[in-house]
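# Coordinate analysis (summary)
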Amino acid sequence: MQPRRMLDPGLGGYETFHADAFEWLSHADPRSIHAVVTDPPYGLLEYQPKELAKLKAGRGGVWRLPPSFDGARRSPLPRFTVLKPGDHARLRAFFSRFAELLMPVLVPGAHVFIATNPLVSHFVYEPFIAAGFEKRGEIIRVVKTLRGGDRPKNAHDEFPEVTVMPRSCWEPWGLFRKPCEGRVQDNLRTWKTGGLRRPSTHEPFRDLIRASPARGEERRIAPHPSLKPQALLRPLVRASLPLGEGVILDPFMGSGSTIAAACACGLQAVGIEANADYFRLAQRAIPLLAELPDQRLAGTRHAGSERL
Ligand SMILES: C[S@@+](CC[C@H](N)C(=O)[O-])C[C@H]1O[C@@H](n2cnc3c(N)ncnc32)[C@H](O)[C@@H]1O
């Protein structure tokens, strides 16, 4: 673990640490982080060295290698239906520890945006609530994946009208808040947190964002198996600091896409990644992803411009 350092609030920019998130959080200064936007390992198994080796060798394991679809080759997706009761208990323990270590590091009123999956979101949400966070809703990312929608395995012809699970068209992001000190207006004045930033003065931040999987230039810059698109992350990081002041943390930064989104929005961020290869990838990718202009980010409609 590298020595703990924090951003100088006057300097701006970002810092990254090649470290274990739990170790880092247990040494971080109390009340030093103003928001969290993160995409943790949903099922834990998928980022274990054994499963990463199988992914590299194209042998699947927990990673499902999808067939070509509409002529396009899709990236592997982790399968959460293979998780067993022991895995569930480990998931709960992981997110309990995360929520408990995070709580003291956040300022009052800090928001946490945490990516998950409909099959495992309860293993994330319950520990956050048990640790004292308020659930403030969910952000729904509308995205077509290749998850679910299949007919029964090896019995397609026998049951042509049956789908075993729905074809997933959305991704949930849990939204939590550390309780405010006093009223929201008091908390905003003291800690600069407690609310969410509006896309503009006349539009509220909305909880529905359409954002396709990252492709093309973004994927070439940051070939991480769970790369999240800038088109999603930029509106999220922007919303996470209601006054545009403070430090955003991504303790599971992968290729650093959240940190890049914060840079693109002129916000300060700290990123942590335990895997050495992904940490090196983030070092290279962050400045390049941050430079991509909004107009070059395909397949998006930001919540701010969405009319429902
Ligand atoms: C779902 S990926 C994040 C991908 C990221 N959103 C992106 O766009 O590149 C989760 C990351 O957390 C990392 N990770 C898993 N356990 C960790 C831990 N205890 N501390 C820090 N990083 C961890 C994994 O190596 C993986 O890169």
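What you are looking at is a predicted structure, and each value in this text was computed from that prediction instead of being measured.

### Digging into the pattern of salt bridges
- What the rule picks out here adds up to 12 salt bridges.
- Of the charged contacts, one joins Arg-177 and Glu-134 as a salt bridge, the two residues approaching to 2.9 Å between their closest N and O atoms. Remark: Glu-134 occurs in strand 6 (residues 134–142) and Arg-177 occurs in strand 7 (residues 170–177); sequence separation between them is 43 residues.
- The buried category is assigned to Arg-177, whose relative accessible area is 7%.
- A relative accessible area of 26% means that Glu-134 is categorised as partly exposed.

### Description of the nonpolar core
- Ranked by size, the top nonpolar core spans 75 residues in total, and within it Leu-102 and Phe-128 carry the most contacts.
- Ranked by residues supplied to this core, first place goes to helix 3 (residues 85–105) with eight residues.
- Discounting chain neighbours no more than four positions away, the residues touching Leu-102 are Leu-25, Val-36, Val-112, Phe-128, Phe-133 and Leu-249.

### Structural notes on the packing of helix 3 against helix 4 (residues 121–130)
- Where helix 3 contacts helix 4, the two axes come as close as 8 Å, and the packing angle between them is 40°. On the basis of the axis angle, helix 3 is oblique to helix 4. Classified by chirality, the crossing of helix 4 by helix 3 is right-handed. On helix 4, the residues that touch His-88, Leu-91, Arg-92, Phe-95, Ser-96, Phe-98, Ala-99 and Leu-102 of helix 3 are Phe-123, Val-124, Glu-126, Pro-127 and Phe-128.
- Its residues assigned to classes, the contact of helix 3 with helix 4 shows nine nonpolar, two polar and two charged.

Each value, and the rule that gives it
Residues numbered from 1 in each chain as written. Predicted model: local features only at pLDDT ≥ 70, side-chain atom pairs only at ≥ 80, totals over all residues. Heavy atoms only, no water. Salt bridge = Lys/Arg side-chain N within 4 Å of Asp/Glu carboxyl O. Helix = DSSP H or I, 4+ residues; strand = E, 2+ residues; numbered from the N terminus. Buried < 20%, exposed > 50% of the residue type's maximum accessible area, 1.4 Å probe, protein only. Core = buried A, V, L, I, M, F, W, Y, C linked by side-chain atoms within 4.5 Å. Contact = heavy atoms within 4.5 Å. Axes fitted to C-alpha atoms, helices over the stretch in contact; angles between N-to-C directions. Parallel < 35°, antiparallel > 145°, perpendicular 65-115°, else oblique. Left-handed = near helix turned anticlockwise from the far one by under 90°. Nonpolar A, V, L, I, M, F, W, Y, C, P; charged D, E, K, R; others polar.

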